[in-house]
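If you want the building blocks of each chain, they are given just below.
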Amino acid sequence: LVGLRLSGVPLPERRFEVYEAVVTQLLEDHPAARAAAARVAVEDGGLPADDVRMVLAHLAFRWQERSEFTPVPDSTVRADLVAALKDPGHLAMDAQSAARIARTLTEVAEGQLGVLVRYGHQDLGFLHRVFLEELAAEHAADRLPSDDRRDLFARRACDPRWSQEIGRASCR
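Residues numbered from 1 in each chain as written. Predicted model: local features only at pLDDT ≥ 70, side-chain atom pairs only at ≥ 80, totals over all residues. Heavy atoms only, no water.

Peer 1: I tried to follow the overall build of the protein chain on my own but got confused; where do I start?
Peer 2: Helix and strand counts for the protein chain come out as eight helices and three strands. Its helices and strands taken in sequence order, the protein chain reads α-α-α-β-α-α-β-β-α-α-α from the N to the C terminus. A separation of at least 24 residues holds for 64% of the contacts in the protein chain among residues at least 6 apart in sequence. For the protein chain, the exposed area adds up to about 9100 Å²; of that, 53% sits on carbon and sulfur atoms. (Helix = DSSP H or I, 4+ residues; strand = E, 2+ residues; numbered from the N terminus. Contact = heavy atoms within 4.5 Å. Areas by Shrake-Rupley, 256 points an atom, 1.4 Å probe, with all protein chains shown as cover.)

Here is the structure:
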């Protein structure tokens, strides 16, 4: 929120707009500003920024589905990223390309974007739960077919851990 305020952007009035603005600030605006300040191009693992966001949203959704709110091993992060990159409904990469880009994307998400943070030597987690929840909600709202979304709402409606995602996805 401080970053939004300092950038001169009027603060959103609705909670879900705040979450979306914070995620956008971290994933898009902040890396571009850092790159401009350093006079280097933003290294995004060879993917456009919107694809990086969709892949991270897929990652967050998978973690949310498995109730992984604590740091997970690097190998799990890379396996989830490979699955997202291979998703036939989005990028549909072959296994070798997906594995190569997943490794780079893990480094970018941790180093340049800062959305993933290291806990100990081998575990990674989202910087804050709001990033996990917002990105998972984006995936549910934008990528899940309507039947799958209805099924998700029916299964998770009473689960407080899904209240943000269901509320956000239903508002989109």
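Past the structure itself, the notes keep going.
Peer 1: Please explain the pairing of strand 2 (residues 116–119) as it appears in this structure.
Peer 2: Put simply, side chains in a regular strand alternate between the two faces of the sheet. Pairing geometry for strand 2 and strand 3 (residues 123–126), over four bridges, is antiparallel. Opposite Tyr 119, over in strand 3, you have Asp 123 as the bridge partner. (Pairing = 2+ DSSP bridges.)

Peer 1: Would you take a moment to explain the sheet that holds strand 3 for this structure?
Peer 2: By way of backbone hydrogen bonds, the strands of a sheet pair with one another, either parallel or antiparallel. Strand order in the open sheet formed by three strands is 1-3-2, with antiparallel pairing between adjacent strands. Every interior strand has two partners, whereas the edge strands, strand 1 (72–73) and strand 2, have only one. Docked against the sheet, helix 3 (residues 49–65) engages strand 1, strand 2 and strand 3, running at close to 100° with respect to strand 3. (Axes fitted to C-alpha atoms, helices over the stretch in contact; angles between N-to-C directions.)

Peer 1: Please clarify how the pattern of salt bridges should be interpreted in this entry.
Peer 2: Should the charged atoms of two oppositely charged side chains come close, the side chains can pair. A full pass over the atoms with the stated rule returns 10 salt bridges. Residue Arg 156 pairs with Glu 65 through a salt bridge whose shortest N-O separation is 3.8 Å. With Arg 156 in helix 7 (residues 146–156) and Glu 65 in helix 3, this pair connects stretches of sequence that are 91 residues apart. Owing to a relative accessible area of 15%, Arg 156 belongs among the buried residues under this scheme. (Salt bridge = Lys/Arg side-chain N within 4 Å of Asp/Glu carboxyl O. Buried < 20%, exposed > 50% of the residue type's maximum accessible area, 1.4 Å probe, protein only.)

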